[in-house]
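Architecture at a glance
For reference, the chains in residue letters:
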Amino acid sequence: MAGIPLYFVDLQDDLDDFGFEDYGPDCDSMRITAFLDIPGQDNLTPLARLEKYAFSENIFNRQIIARGLLDVFRDFSNNEEDFLTVMEIVVRLSEDAEPTVRTELMEQIPPIAIFLQESRPNFPTAFSDYLMPIVVRYLTDPNNQVRKASQEALLILLEQELIAQNDIENKVCPILLDLSAPDSDDEYKVEAVNIICKMASMLSKTIVERMLLPRFCELCGDGKLFQVRKVCAASFGDICNAVGQEATERFLIPKFFELCSDSVWGMRKACAECFMAVSYTTSPEVRRSKLSPLFINLISDPCRWVRQAAFQSLGPFISTFANPSSAGLYIREDGTLSIRPSAQDVTSSSCQPGNNANITSASTNIVSSSSEQPTEIKSESSSDGTSAEANPLICVETPRTDLLKEGSNSCGSPGEALARLSQNDNTTACVIEGIKDCHVSNCRGVNSRFQSAEDVFNTFLYWRPPLPDISQDLELLQSKTEKHEEGCSVSKAICNNCVASSEIKKVLESLQEHMDDPDVQAQVQVLSAALRAAQFESINDYETKHTEESNGKLQNELSTFEASHATVEKNTLSSSSFQDDVSDQSTTSILKSKESEEQHNGTIEFLEKEQHHNPPIEDDKSKLQDIIPQPLLDQYLSMTDPARAQTVDTEIAKHCAYSLPGVALTLGRQNWHCLKDTYETLAADVQWKVRRTLAFSIHELAVILGDQLTAADLVPIFNGFLKDLDEVRIGVLKHLYDFLKLLHADKRREYLYQLQEFVVTDNSRNWRFRYELAEQLILILELYNPNDVYDYLRHIALTLCSDKVSEVRWISFKLVVAILQKFYANNANALGLNLINELVARFRHCSKWIGRQAFAFICQALVEEECMPVDHFVEHLLPSLLSLASDPVPNVRVLLAKALRQTLLEKAYFKSVGNPHLEAVEETVLALQSDRDQDVCFFATVKPKLNNMDTTSLEKQN
């Protein structure tokens with residue numbers, strides 16, 4: 001290197017012969033522009049020499065100057081005049097015709113900007129006046145490599161906040177808007193859009209919303225280049241995050257809908273990938289009402305790649321619905337997930353029936369999102385003649401009249417409802433008895449198919465509107481016979497004998513003239529129900545018959561409901577056809593609700609579909625929740641379907657397993673029943689990658705579910721993972737302590753014996769598995785009492801201390817120290833003494849020097865951590881430790897010297913005057929200081945600089 005400066009003397013004569021490439025940016029021994037300081041035959045000053053080479057005809061000279069600009073600025077920063085001269089040279093150099101020179105120059109702009117930022121008091125506007133225009137100009141450079149370098153430099157400058165806000169608004173944004181204009185070159189436009197999307201997260205919300213958002217919205221609808229739309233779709237989430245919720249919902253969501261329905265599948269795929277980021281910046285209402293249906297469309301997209309991306313984003317999208325209050329969890333200030341104090345299961349308010357009733361169990365309970373949605377109440381079987389099978393979940397809304405006075409919603413069994421109604425109006429009771437059979441048969445097919453209130457809520461699912469007052473029917477009967485007594489006899493006949501069918505038909509004929517009146521229509525429905533009741537002999541026959549009705553009857557009634565509903569809507573029934581359809585209208589009176597016609601039709605289609613599939617009642621109930629839209633949950637649960645792996649993605653089950661804790665956190669522990677079957681299916685998946693994913697997250701899921709559900713549903717799966725492949729077991733092992741601490745003490749104790757199974761691995765070379773076991777055992781010690789630790793964990797620790805791998809042994813020594821610390825902290829001195837004796841026998845007198853070295857390390861750690869009383873140490877361990885001074889292996893004596901010099905002699909106990917053991921320790925140290933091994937002498941003499949032990953050198957020795 002001493003001869004190198006001689007080359008620079010003749011640089012101007014033959015520069016190419018001296019290899020300037022040897023002094024590139026990776027050269028630390030010499031500055032690239034060191035030749036500027038070497039006096040030569042040209043008798044030029046360094047500044048003049050810089051200008052000479054900066055505008056040399058040799059391209060290599062100019063490249064060297066551009067590459068070494070940072071050193072040049074440092075050299076000339078002391079003189080303001082020279083500094084400004086250098087700046088002017090840089091500006092002239094930026095106009096070089098050679099692209100490689102311009103590229104080298106642009107790559108030096110960020111470090112130069114950092115240097116100028118540090119020297120800002122001296123040159124406050126140098127960067128803005130000289131260098132920033134170069135960066136902006138290079139964005140439109142005709143050479144692609146120069147543009148790429150300028151784009152990277154611009155993003156670095158923005159990330160480091162080296163560009164002033166004024167420059168961003170007046171220099172950067174205008175050029176990007178020009179490049180992304182509709183009439184701009186296609187290549188420039190794509191690059192400009194890419195920069196806009198990347199820099200949006202680095203700018204203030206005001207600048208993005210005022211200057212970049214309108215152009216971004218225009219580019220989302222660019223019909224010329226799909227590459228532009230694809231960049232917009234891929235960065236849509238970043239833009240939404242930059243502008244906030246209000247601007248997102250006002251401007252960006254409509255554009256997002258357009259991109260999700262783009263004809264190019266790549267756009268739809270990009271939208272699916274950023275769906276979670278978009279959802280995160282929207283309100284819950286928009287997320288539920290707009291984004292959820294849109295996401296369902298992406299999941300059912302005809303392109304397989306779009307469906308694959310949508311299913312991968314399904315779990316993250318569901319997690320944006322998470323509500324800590326409903327999940328029963330909250331995030332602490334340190335970012336960890338914690339459990340809220342236990343409380344009763346959240347249920348919607350509803351009235352209690354007068355007799356025996358109990359709320360359904362927590363595993364099938366539904367948390368209502370609105371107080372208007374009634375809670376399911378299950379009535380017990382009574383002995384009043386109502387069979388056990390005729391015991392559906394029903395809910396009757398309070399009518400406008402005074403027939404029912406229990407509240408806005410009253411719940412109970414059919415028999416109880418009839419009893420209450422009969423106490424108020426005998427006429428109504430008779431009509432109710434007439435329709436009881438139809439109601440029970442319908443409700444039995446409906447009560448198990450409740451859905452989320454926000455999705456398919458319909459009053460048909462909760463029986464029917466209350467029966468209207470039929471007092472006007474009685475008045476019509478009175479006017480027909482012109483006698484009040486005859487009207488009363490008709491009323492009494494309806495109550496006691498249900499009236500002959502012919503008389504009711506006459507009344508119905510008289511009401512045909514007033515079918516435009518909604519009240520008359522309601523009365524017609526009631527009388528139609530009475531006509532149907534008259535066709536049966538007794539209510540007991542009805543109860544016997546309805547148990548034999550099949551699901552086909554409900555299908556027939558639904559079809560007749562459609563026909564009768566259309567007939568009532570026309571209000572032009574003839575008397576004969578009306579009489580033929582009286583029984584059909586009775587079904588209409590049961591199924592009619594307060595919802596709109598569209599809701600009726602939607603309910604019919606829903607029930608027909610459900611009846612077609614006819615799933616078990618328990619399975620339907622287990623999928624009920626009101627946290628997220630039900631279709632999203634249904635699609636997520638379908639990810640375990642083997643057919644999905646064939647039509648969507650072979651690793652779709654892995655994606656389902658990966659996002660399951662987030663979905664469980666969103667639904668909360670009260671809705672765990674929705675995911676239980678899916679989790680069990682994933683835990684039994686044939687792909688070990690799926691099981692491995694679950695194993696790594698089972699401890700987080702245990703926090704979400706709590707101790708009771710964990711013990712019931714996760715512990716069996718956890719036990720299966722313990723016997724799985726090592727690739728799966730490592731996931732359980734890494735968070736073993738986190739999982740066990742959530743279990744009850746009795747359940748936790750069952751795993752003491754199973755911990756020994758972790759010592760054995762499928763591959764003995766997998767030493768990191770045993771290393772992780774030792775680390776976890778150090779944490780697990782606090783979960784068990786000293787006796788259990790001595791009986792089970794002590795043996796594992798001693799086995800790991802004899803491992804073939806040094807890393808495993810050193811962490812195991814710390815485990816032994818932690819065990820002794822636990823014994824003495826819990827006053828289990830006898831157990832501690834037994835372990836000490838075992839350590840002396842196993843390691844102090846070990847035939848291998850590694851064991852004796854381990855004994856010295858353990859003794860040093862015990863004193864360093866103060867794990868045991870000093871008197872116990874000097875009595876049971878110190879004599880054996882000092883005897884290692886005569887060990888034939890230098891590595892053992894080196895560690896002994898460290899233990900004595902750096903640890904024992906620094907403790908107050910050994911510094912006290914008159915200590916009977918101090919003399920023996922000092923004699924041993926003196927003997928080590930005169931040891932024939934140089935390293936032993938060094939460590940016996942040197943004073944400790946750090947309090948903690950440094951085992952790095954020990955590990956290297958092995």
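Residues numbered from 1 in each chain as written. Predicted model: local features only at pLDDT ≥ 70, side-chain atom pairs only at ≥ 80, totals over all residues. Heavy atoms only, no water.

**Some thoughts on the overall build of the chain**
Going by this rule: Only DSSP runs of H or I covering at least 4 residues are called helices, and only runs of E covering at least 2 are called strands; the numbering of each starts at the N terminus. Per-residue accessibility, obtained with a 1.4 Å probe over protein chains only, is compared with the maximum for each type, and a residue is labelled buried under 20%, exposed over 50%, and partly exposed between these values. Pairs of residues are marked as contacts when any of their non-hydrogen atoms sit within 4.5 Å. Method for areas: the Shrake-Rupley scheme with a 1.4 Å probe, in which residue coverage is limited to the protein chains shown.
Within the chain, the secondary structure is distributed over 53 helices and six strands. Taking all 958 residues of the chain together, the buried fraction comes to 51%. When contacts within the chain are restricted to residue pairs at least 6 apart in sequence, those whose partners lie at least 24 apart make up 69%. Of the roughly 44,900 Å² that the chain leaves accessible, carbon and sulfur atoms contribute 48%.

**A short note on the environment of E273**
Note the following rule: Here a polar contact means two N or O atoms within 3.5 Å. Within protein one must be a hydrogen donor candidate and the other an acceptor candidate, and residues neighboring in sequence count only if both atoms are side-chain atoms.
Among the secondary structure elements, E273 is positioned in helix α16 (residues 265-273). Residue class for E273 comes out partly exposed when judged on its relative accessible area of 48%. When the C-alpha atoms of E273 and A233 are compared, they prove to be 9.1 Å apart, with 40 residues separating the residues in sequence. Residues in contact with E273, not counting those within four places in the same chain, are A309 and S313. Engagement of the side chain of E273 in a polar contact is seen with the side chain of K269, the distance being 2.5 Å.

**Notes on the confidence of the model for the chain**
Heads up, the rule is: Each residue carries a pLDDT score, the predictor's own confidence in it, on a scale running from 0 to 100.
Per-residue confidence for the chain gives a mean pLDDT of 73; residues scoring 70 or more make up 63%. In this model, residues 481-500 is a region of pLDDT below 50 whose contacts with residues beyond four sequence positions or in other chains number 25 contacts. pLDDT under 50 marks residues 536-618. Its contacts with residues more than four places away, or in other chains, come to 121 contacts.

**Digging into the packing of helix α4 (residues 69-76) against helix α7 (residues 109-118)**
Quick note on the threshold: Throughout, an axis means a line fitted to C-alpha atoms (over the contacting stretch in the case of helices), and angles, computed between N-to-C directions, take values from 0 to 180 degrees. By definition in this entry, angles of less than 35 degrees are roughly parallel, angles greater than 145 are roughly antiparallel, angles of 65 to 115 are roughly perpendicular, and the rest are oblique. Should the near helix be turned anticlockwise from the far one by less than a right angle, the crossing is left-handed, and should it be turned clockwise, the crossing is right-handed. Here the term charged refers only to Asp, Glu, Lys and Arg, the term nonpolar to Ala, Val, Leu, Ile, Met, Phe, Trp, Tyr, Cys and Pro, and the term polar to all other amino acids, Gly among them.
It is at 9 Å that the axes of α4 and α7 come closest, and there the two elements cross at 20 degrees. What the angle tells us is that α4 and α7 run roughly parallel. Handedness of the crossing formed by α4 with α7: right-handed. The residues of α7 that touch α4, namely those facing L69, L70, F73 and R74, are P111, I112 and F115. Class assignment of the residues belonging to the contact of α4 with α7 gives a composition of six nonpolar, no polar and one charged.

**Overview of the packing of helix α43 (residues 786-801) against helix α44 (residues 806-825)**
Two elements in contact, α43 and α44, have axes separated by 9 Å at closest approach and are oriented at 160 degrees. Taken together, the axes of α43 and α44 lie roughly antiparallel to each other. α44 is crossed by α43, and the crossing has left-handed handedness. Packed against α43, whose contacting residues are P786, V789, Y790, L793, R794, A797, L798, L800 and C801, the element α44 presents V808, R809, S812, F813, L815, V816, I819, K822 and F823 at the interface. Split into classes, the residues belonging to the contact of α43 with α44 amount to 14 nonpolar, one polar and three charged.

**What to know about the packing of aromatic side chains**
Here is the rule: A pair of aromatic rings is counted whenever rings of Phe, Tyr or Trp (Trp by its six-membered ring) have centres within 6.5 Å, and the orientation is called stacked for planes under 30 degrees apart, edge-to-face for over 60 and tilted otherwise. To sit over a ring, a charge needs its Lys NZ or Arg CZ within 6 Å of the ring centre and within 35 degrees of the ring normal.
Taken as a whole and assessed by the stated rule, the structure comprises 19 aromatic pairs. One aromatic cluster is present, formed by F216, F236, F256, F275, F295, F317 and F321 through successive ring pairs. Sitting above the plane of the F321 ring, R287 keeps its charged end 5.8 Å from the centroid. Above the face of the Y790 ring, R794 is positioned so that its terminal group lies 4.3 Å from the ring centre.

**Comments concerning helix α8 (residues 126-138)**
What counts here: Expected helix span is given by 1.5 Å per residue-to-residue step, counting one fewer step than there are residues. The bend at a residue is defined as the angle formed between two axes, one fitted to the seven residues ending at that residue and one fitted to the seven starting there.
Relative to the 18 Å expected for 13 residues at 1.5 Å per residue, α8 spans 18 Å between its end C-alpha atoms, a close match to the ideal helical length. Residue M132 marks the point of greatest curvature in α8, where the axis turns by about 35 degrees; the proline P133 follows within four residues. Listing the buried residues of α8 in full gives A126, F127, S128, L131, M132, I134, V135, V136 and Y138. Residues of α8 that are buried sit in contact with α5 (80-93), α6 (99-107), α7, α9 (144-159) and α10 (165-179).

**Describing unusual backbone geometry**
Even without glycine at this site, E161 takes up a positive phi of about 55 degrees. By the element assignment, E161 lies in the loop between α9 and α10. Located in the positive-phi region is N827, a residue other than glycine, with phi close to 60 degrees. Relative to the elements of secondary structure, N827 occurs in the loop between α44 and α45 (829-844). When its relative accessible area of 67% is taken as the criterion, N827 is described as exposed.

**Notes on the environment of A126**
Mapped onto the elements of the fold, A126 is located in helix α8. For A126, a relative accessible area of 5% translates into the label buried. When neighbours within four sequence positions are excluded, A126 is seen to be in contact with F83, M87, L116 and L131.

**Points about α10**
With 15 residues, α10 should cover 21 Å at 1.5 Å per step; its first-to-last C-alpha distance of 20 Å lies within 8% of that length. A maximum bend of about 30 degrees is found in α10 at C173, where proline P174 lies one to four positions downstream. Here α10 has its buried residues at D167, I168, V172, C173, I175, L176, L177 and L179. The inward-facing, buried residues of α10 abut α8, α9, α11 (186-199) and α12 (205-220).

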